[in-house]
Amino acid sequence: MSFPTQRPRRLRTTPAMRRLVAEVEVSLNDLVAPLFVREGITDPQPILSLPGQFQHTVESLCKQARELANLGVPAIMLFGVPEKKDAVGSEGWNPDGIAQRALRAVRDEVGDDLVVMSDLCLDEYTDHGHCGVLLPDGDVDNDATLELYAKCAIAQAQAGAHVVAPSGMMDGQVGAIRSALDATGFINTAILAYSAKFASAEYGPFRDAVGVQIQNGGNRKTYQQDGANVREAMREVALDIDEGADMVMVKPALAYLDVLSAVASESSVPVAAYHVSGEYAMVKAASENGWVDGSLLMREHLTSIKRAGADIILTYAARDFAESL
Ligand code: PBG
């Protein structure tokens, strides 16, 4: 009998050995917790499709932010759910709109203990559910939308956002927001660009969480990217960096790890990946059925995203991760 001359299993013999040779490790310092704040409620509402996540009141949001900071989570991404919606999404830039009120309250609570990021889009605020204003034919008017994004950026910066994160996939959005912020003196408000954001079925639970339905059974395929295209993702990232993005994002994460890896190898700025609502919800649902070990699988997801090259991971599992340490 001949013996193997190579024995890779030697490096897997003990937990300490495995830790020693691990190539990557997800750090709490990489994580951003997405949080929702809803206008017109008196108690936090559990989001059924996102077990463990809530639509917060301003008060419960501040408490959650404080607890996350105390647990060592470095950042949050805030989404507002307004009571009133209209065709242009005007609550998105109203200084007293829910997102702006929440930003001010959270900054009062946590100061600089957390990086406070603010999603910048109009779909939560429009009655038709699209990420911008509509032309008579129902298509999204790119350039008219940019003017509204600029107003949202200023309102969010005024309310205290450290980072604004445009997620609407309009052409030129990063440049429009950067020049609006610079012209109003917010030179230090950073931009995390949702650069390669794909039209994905994995956003389903999120749309529940923010109460968004696209009118007439519509979709976002004229602005979000087609899942088949990695070259186009590279172009979107390059344009955003050129327009002044401080960080870029690939979204969703797991079904697009090849895109993430390609972006990470080319980007001159930090790369974020969004482990989106559907990815989180699938793990939770399978785990609740006893089909998978949810915490092990969530870890595996985050490790894969890190291994593919993400410097920053937005995940609904941030708090669970922090508490597991
Ligand atoms: C748009 C936005 C979406 C998400 C973040 N920002 C939804 C969409 O594009 O339909 C999805 C996040 C998630 O699924 O966790 N404002």
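This text goes with the structure placed above it.
Predicted model, so just to flag it, every value in this text is computed and none were measured.

Engineer: Help me out: how do you make sense of the site of the ligand in this one?
Structural biologist: Lining the immediate surroundings of the ligand are 18 residues, of which K197, R207, K251, S277 and Y316 lie closest. Contact between the ligand and K197: an oxygen atom at 2.7 Å from a side-chain N or O atom of the residue. The side chain of Y316 places a nitrogen or oxygen atom 2.6 Å from an oxygen atom of the ligand. Computed on the free molecule, the ligand has an accessible area of 410 Å², of which 100% lies beneath the protein chains in the complex.

Engineer: I tried to follow the nonpolar core on my own but got confused; where do I start?
Structural biologist: Most often, soluble globular proteins have nonpolar side chains that are buried together. The biggest cluster of nonpolar side chains holds 72 residues, and the ones touching the most others in it are I76, V106, Y149, I177, L260 and I305. The element that contributes the greatest number of residues to this core is helix α4 (residues 142-158), accounting for seven residues. Setting aside anything within four residues of it in sequence, one finds I305 in contact with A253, L254, L257, L260, A273, H275, A310 and I313.

Engineer: Quick question: what am I supposed to make of the pattern of salt bridges here?
Structural biologist: Pairs can form between side chains of opposite charge whenever their charged atoms are close. A complete count under the given rule lists 14 salt bridges for this structure. R107 is the salt-bridge partner of D112, the closest N and O atoms lying 2.9 Å from each other. Owing to a relative accessible area of 23%, R107 belongs among the partly exposed residues under this scheme. Put simply, R319 and E323 hold a salt bridge, and the shortest N to O gap is 3.0 Å. With R319 and E323 both in helix α11 (residues 318-324), this residue pair falls four residues apart, about one helical turn. Overall, the relative accessible area of 45% leaves E323 in the partly exposed class. Salt bridges sharing partners connect three or more residues here, namely K63, E67, R319 and E323.

Reading the values: rules and limits
- Residues numbered from 1 in each chain as written.
- Predicted model: local features only at pLDDT ≥ 70, side-chain atom pairs only at ≥ 80, totals over all residues.
- Heavy atoms only, no water.
- Near = heavy atom within 4 Å.
- Polar contact = N/O pair within 3.5 Å; in protein donor to acceptor, adjacent residues only side chain to side chain.
- Areas by Shrake-Rupley, 256 points an atom, 1.4 Å probe, with all protein chains shown as cover.
- Core = buried A, V, L, I, M, F, W, Y, C linked by side-chain atoms within 4.5 Å.
- Buried < 20%, exposed > 50% of the residue type's maximum accessible area, 1.4 Å probe, protein only.
- Helix = DSSP H or I, 4+ residues; strand = E, 2+ residues; numbered from the N terminus.
- Contact = heavy atoms within 4.5 Å.
- Salt bridge = Lys/Arg side-chain N within 4 Å of Asp/Glu carboxyl O.

Read these as spatial facts, not as claims about activity.
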